[in-house]
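Residues per chain are reported as follows:
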Amino acid sequence: MRDQETGQIPEGGKARRVYLLLRDEIANGHYGDGVTLPGEQRLGEMHGVSRVTIRRALEALAADGLIEKRTGAGSIVRPAGLDGATIAADLATLIPQIEQMGRETTARLLSFFYGVPPRLVADALRLPDTARVQSAVRVRLSGGRPFSHLTTHVPESIAQNYSESDLATTPLFRLLERSGVKIATASQSVTASLASPDVAEALGVSVGSALLSLNRIVYDAEGQGVEYLAALYRPDMFRLQMSLSRVGAESERHWEPVIDGLAGQEAAE
């Protein structure tokens, strides 16, 4: 298991570029578990930089727990986790899979408090200006390793039905349903983000590391917002994927997502 020490993206554009490129190559499996990276001189030639620059990039990768520097043996890629597993979620069935992850992984509650939400959250949940929410920050772990940083906001009237200890042990979806909420729809978006110092510490990555960012707003049957989720995932431990099917006739053929074994159009019919 990699150390949870938080490193720093190396200063200087060249070292930062090499660090990010090598980090992506490790995350994508170009350099697999146990593989020895090319030597400093060879890496310098490959990336067109000095050995000093390469050394700084490798030191940052070692601080992140991605490689182990061994005297006389070079830089060895460390295992990604137990069995080297990466958590994968299909975009077409993302919500059920996230619920399943809540049952099969563990969570550590970092904060739990009530207060007035940020304007962005209040608008998304369709709350009045004076409304309060219960806000919580959790880190979800797989095999003892943190892979996601979750910030949730729930209207106070709903959150009063569960406790801090409930949230520390039970997936939020379950708590909402137990509170009588009839979840109807959700809106979500996926983009990229960089790790802030507090998130980097919680996830065991370098400050400024690239993260997968997912925002989701959940609504009840009346269209009232019941949960705002801002989730950040380590890309070396979590990925989004989608199966596609080629459908249509001749010039109208196009790609559509496969849902429950059927292409989107066929499933809709």
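What this report covers is the structure whose coordinates are included nearby. (Residues numbered from 1 in each chain as written. Predicted model: local features only at pLDDT ≥ 70, side-chain atom pairs only at ≥ 80, totals over all residues. Heavy atoms only, no water.)

1. Some thoughts on the packing of aromatic side chains
So, point 1. Scanning all chains against the criterion turns up two aromatic pairs.
So, point 2. On the numbers, 6.1 Å between centres and 85° between planes, the contact of F112 with Y114 is edge-to-face.
So, point 3. With centroids separated by 6.4 Å and ring planes inclined at 25°, the aromatic side chains of F147 and Y233 adopt a geometry described as stacked. Placement of the pair is F147 in strand β6 (residues 145-155) and Y233 in strand β9 (residues 225-233), with a sequence separation of 86 residues.
So, point 4. Since its relative accessible area comes to 1%, F147 is described here as buried. (Phe/Tyr/Trp six-rings, centres within 6.5 Å; stacked < 30°, edge-to-face > 60°. Helix = DSSP H or I, 4+ residues; strand = E, 2+ residues; numbered from the N terminus. Buried < 20%, exposed > 50% of the residue type's maximum accessible area, 1.4 Å probe, protein only.)

2. Some details on the packing of helix α1 (residues 13-27) against helix α3 (residues 51-63)
So, point 1. At a minimum axis distance of 8 Å, the contact between α1 and α3 shows a crossing angle of 50°. Put simply, α1 runs oblique to α3. Every pair of crossing elements has a handedness; the one defined by α1 and α3 is right-handed. When α1 is examined against α3, the residues K14, A15, V18, Y19, L22 and R23 are found in contact with a partner set consisting of T53, I54, R56, A57, L58, A60 and L61. (Axes fitted to C-alpha atoms, helices over the stretch in contact; angles between N-to-C directions. Parallel < 35°, antiparallel > 145°, perpendicular 65-115°, else oblique. Left-handed = near helix turned anticlockwise from the far one by under 90°. Contact = heavy atoms within 4.5 Å.)

3. Here we look at the packing of helix α2 (residues 40-47) against α3
So, point 1. Packing of α2 against α3 leaves a shortest axis separation of 9 Å and a crossing angle of 105°. Our classification of the angle between α2 and α3 gives roughly perpendicular. Touching E40, Q41, L43 and G44 of α2 are R51, I54, R55 and L58, all from α3.
So, point 2. When grouped by side-chain class, the residues that make up the contact of α2 with α3 number three nonpolar, two polar and three charged. (Nonpolar A, V, L, I, M, F, W, Y, C, P; charged D, E, K, R; others polar.)

No statement about biological role is implied by the geometric values presented.
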